[in-house]
Amino acid sequence: MGAIKAESVDEGADLGESPTKILLEGVDPAELIFTRNVRKAELTPDFVDSIAEHGLLQPIIGTPYESGIAIILGNRRTMGAIEAGRTVDVIVRNDLSAEDARIIAQLIENMHREDMRESEIADAYAQLSMELGLDADQIAARVAQDPKKVRASIALSAMPKSARQAVDHGELTLEDAEELAEFESDPKAYKRLLDTIERGGKLEWALKNERRKAVTAVLRKEATQVLKAAGVRMVGEPYGFGWNGSKEVGLDRLADSDGVVLTPESHKSCPGNAAFFHENTPGEVKATFLCRDPHQHGHHVSGSYSFLSPEEQAAKAEAEQADRERREELAIAREIRHEFIQELCRSKKVPKGLTKRVLGMLYTLGSDETSPDVLEFLKAPGDDDRSARYGRFIGRTAEARLPLVLLASVAVRVERHVSDAVRGWGKTWAALAWFELLTAYGYDLSEPEIELVDALRAKIAAAEARAAAEAEAAAEEDEDQGDEDGQEVTAEDEEAPAEAEGEDQDGEKLTAEDQEDALDRYLAIVEDDESDDPVSEDKGEQTEEADDWEARYPEINEPIAA
């Protein structure tokens, strides 16, 4: 080692029994002992080049350590000197040989560096606190810092990496870290807060929410003790409670056999009596009372109650299985029915009366002439554009057979109503009228289709009965009102036909008679329009033979290509 000089200590410093410090000059930096530093030493090329050119302008501070000298202040400069191949001057201080003094000295030096991270300062405070037994006030006094800040730093040192980095990057303050530390005793809340930091959420709101939960938890605990002492069974919030999906029902929807709404007092003796607290309901802590099995205990439930007992679930499953089998049978019947429709649409001549029926459905339902299913019913082959195939088919079809094309267009629309009727909705009367049309022209209903037709007729009959009852009730109400107003009811009023139309549950017109009347009126208008046509002036003189499409249109027998 280099030359040794003894220098007196600065006046006023309390250095214990040895008031001197020793300066060693020209010391090989590799001979010095590196101890754990509170800050990682990082070297840069510029720093090493500067030492190589000018040497160290400031001595290293060390202390006697075992058989050598340990570095207290200047780890980075010592490493730079080793890298640059230069010697260093060392001031050896006996008053800093204690571990806590060494750490504090390092900390004070490094805290003046602008680039020292808050997490590094926190680690140093934690080291002094945990390893040397110094409390926050003792550390604050030695490093001349606010005790509150020291406590916050110590709390930060124990936090996960995400929180430490957030403080280092200025995303969180030490005050935030100190508030976060108050939840360390509640692992779930602590994790939720850390997750909030991780995803960049608003910590202020999350802290407030967790404090509210903590207060609510205390109040719930106190209320639970009171309720249990009164004999109330406490349960967790039932799954689906309030959505009519749980077996449990709140007392506000329950009544006894006499129809009296139940209260916590009147329900207390019921074996199903229980209560729970809503997990996330803000405001006053209030228990919700319920019955765990209202049907078993003979209560009446108001409103909908969709929970099913095991027996009810089994019955429902059986009904659903039967419905699936029925739909499968109807799907097979649908394939056969569509084959019949295809053959009907490819008839050599239009069956008598078919056009009138199709026009009736067209008038009320419309058609789907652009649907690809139309081409399927017409058996129009090809894989090119649908419009092109449709136009080609129309162009090659005899004019007398064009109503069959209209039949295919209407069939697509009505078959959709049949599919809806299978599911329990749609235009019931349209599906029924379609089955009646098909059977009129030779289609044999399958057994599942017969059951479907019967169900459709029953549904229509029930709707008509409801409409009649409503009309009768309305008439009676009007009569009573007329009597009250002192008005005389005339014979004309009594004989005036009711114009109320029956509707099914979907608000659709019902009876086939209504449809037939509308169609007759429509066709009458068409016939009146055609009376101006010279070709149709002698229409009344036509014979039954004139209704024969083949006689009127000889080209019907010409071969056609789809």
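Residues numbered from 1 in each chain as written. Predicted model: local features only at pLDDT ≥ 70, side-chain atom pairs only at ≥ 80, totals over all residues. Heavy atoms only, no water.

Q: Give a description of the overall build of the chain that names residues and reports values.
A: The secondary structure content of the chain amounts to 20 helices and 11 strands. Expressed as a percentage of the 562 residues in the chain, the buried residues total 36%. For the chain, restricting intrachain contacts to residue pairs at least 6 apart in sequence, the fraction spanning at least 24 positions comes to 68%. Accessible surface computed for the chain: about 33800 Å², of which carbon and sulfur atoms make up 49%. (Helix = DSSP H or I, 4+ residues; strand = E, 2+ residues; numbered from the N terminus. Buried < 20%, exposed > 50% of the residue type's maximum accessible area, 1.4 Å probe, protein only. Contact = heavy atoms within 4.5 Å. Areas by Shrake-Rupley, 256 points an atom, 1.4 Å probe, with all protein chains shown as cover.)

Q: Go over the side chain of Ser347 with me, naming the residues and quoting the values.
A: Topologically, Ser347 is positioned in the loop between helix 11 (310-345) and helix 12 (354-365). Overall, the relative accessible area of 17% leaves Ser347 in the buried class. At 2.7 Å, the side chain of Ser347 forms a polar contact with the backbone oxygen of Leu344. Once residues lying within four places of it in the same chain are set aside, the contact partners of Ser347 are Arg401 and Leu404. (Polar contact = N/O pair within 3.5 Å; in protein donor to acceptor, adjacent residues only side chain to side chain.)

Q: Can you tell me about the environment of Cys345, naming the residues and giving the values?
A: Tracing the chain through its elements places Cys345 in helix 11. Leaving out residues up to four positions away in the same chain, Cys345 has contacts with Phe377, Leu378, Arg401, Leu404, Leu407 and Ala408.

Q: Explain the pattern of salt bridges residue by residue, including any values.
A: Within this structure, the stated rule accounts for 12 salt bridges. Notably, a salt bridge pairs Glu415 with Arg337, separated by 2.9 Å at the nearest N-O pair. Placement of the pair is Glu415 in helix 15 (residues 402-423) and Arg337 in helix 11, with a sequence separation of 78 residues. Given the relative accessible area of 3%, Glu415 is considered buried. Taking the relative accessible area as the measure of exposure, Arg337 reaches 3% and is therefore buried. (Salt bridge = Lys/Arg side-chain N within 4 Å of Asp/Glu carboxyl O.)

Q: Provide a residue-level description of helix 10 (residues 203-229), including the pertinent values.
A: With 27 residues, helix 10 should reach 39 Å at 1.5 Å per residue; the first-to-last C-alpha distance of 39 Å fits that figure. On its buried face, helix 10 sits against helix 8 (174-181), helix 9 (187-198), strand 6 (233-234) and strand 10 (288-291). Following helix 10 by one or two positions, Gly231 adopts a phi angle in the positive range, close to 90 degrees. (Expected span 1.5 Å × (residues − 1).)

Q: Which residues make up the environment of Phe340, and what values go with them?
A: Mapped onto the elements of the fold, Phe340 is located in helix 11. Each C-alpha atom, one on Phe340 and one on Leu438, is 8.6 Å from the other, the two residues being 98 residues apart in sequence. If we skip the residues at most four places from it in the chain, Phe340 touches Leu438, Tyr441, Gly442 and Tyr443.

Q: Give me a nonpolar patch on the surface: which residues, what numbers.
A: A surface patch of nonpolar side chains, about 300 Å² in accessible area, is lined by Phe34, Leu43, Met79 and Ile82. In this fold, Phe34 is placed in the loop between strand 2 (20-27) and helix 1 (45-54). The class for Phe34 is partly exposed, based on a relative accessible area of 37%. (Patch = residues over 30% accessible without salt bridge, like charges linked within 9 Å, V, L, I, M, F, W, Y side chains within 5 Å.)

Q: Mind laying out the packing of helix 5 (residues 136-143) against helix 6 (residues 147-157), listing which residues take part and the relevant values?
A: Following both chains from N to C, one finds helix 5 and helix 6 inclined at 115 degrees, their axes separated by 8 Å at the closest point. Crossing angle aside, the handedness with which helix 5 passes helix 6 is right-handed. Seen from helix 5, the contacting residues are Ala136, Asp137, Ile139 and Ala140; seen from helix 6, they are Pro147, Val150, Arg151 and Ile154. Counted by class, the contact of helix 5 with helix 6 contains 6 nonpolar, no polar and 2 charged residues. (Axes fitted to C-alpha atoms, helices over the stretch in contact; angles between N-to-C directions. Left-handed = near helix turned anticlockwise from the far one by under 90°. Nonpolar A, V, L, I, M, F, W, Y, C, P; charged D, E, K, R; others polar.)

Q: I'd like a rundown of the packing of aromatic side chains, residues and numbers included.
A: Counting across every chain of the model gives 3 aromatic pairs. With centroids separated by 6.4 Å and ring planes inclined at 45 degrees, the aromatic side chains of Tyr305 and Phe307 adopt a geometry described as tilted. The aromatic ring of Phe47 is capped on one face by Arg76, whose charged end is 4.0 Å from the ring centroid. (Phe/Tyr/Trp six-rings, centres within 6.5 Å; stacked < 30°, edge-to-face > 60°. Lys NZ or Arg CZ within 6 Å of the ring centre and 35° of its normal.)

Q: Give me the lowdown on the sheet that holds strand 10, citing residues and values where you can.
A: Ordered by their spatial adjacency, 4 strands build an open sheet running 6-9-10-7, and the pairing between neighbours is mixed. The sheet is open, and its two borders are formed by strand 6 and strand 7 (249-250), each paired with just one other strand. Here strand 9 (residues 273-276) pairs with strand 10 via 4 bridges, running antiparallel. When the sheet's bridge partners are listed, Phe276 is paired in strand 10 with Thr288. (Pairing = 2+ DSSP bridges.)

Q: Which residues make up the pairing of strand 3 (residues 60-65), and what values do they have?
A: Direction of pairing for strand 3 relative to strand 5 (residues 88-93): parallel, over a ladder of 3 bridges. Within the sheet, the bridge partner assigned to Ile60 lies in strand 5 and is Val90. In the sheet, strand 3 pairs with strand 4 (residues 68-73) via 5 bridges, with the strands oriented antiparallel. Considered in strand 4, the bridge of Gly62 is made with Ile71. Counting the residues that bridge the hairpin from strand 3 to strand 4 gives 2 residues, and of these Glu66 lies at a positive phi of roughly 50 degrees.

Q: I'd love a proper account of the side chain of Thr78, names of residues and values included.
A: With respect to the helices, strands and loops of the structure, Thr78 is situated in helix 2 (residues 75-84). Those residues within four positions of Thr78 in sequence are excluded, and the remaining contacts are Pro29, Leu32, Phe34, Ile60 and Ile71.

Q: Explain the nonpolar core residue by residue, including any values.
A: Core analysis: the largest hydrophobic core is formed by 41 residues, its most contacted members being Leu354, Leu407 and Trp434. Those elements that provide at least two residues to this core are helix 11, helix 12, helix 13 (372-377), helix 15, helix 16 (428-440) and helix 17 (447-484). It is helix 15 that contributes the most residues to this core, 11 residues altogether. In this structure, Trp434 is in contact with Ile341, Met361, Leu407, Ala411, Val414, Glu415 and Val418, ignoring residues within four places of it in sequence. One finds Ala163, Ala166, Ala189 and Leu207 within the second-largest nonpolar core, a separate group that totals 22 residues. (Core = buried A, V, L, I, M, F, W, Y, C linked by side-chain atoms within 4.5 Å.)

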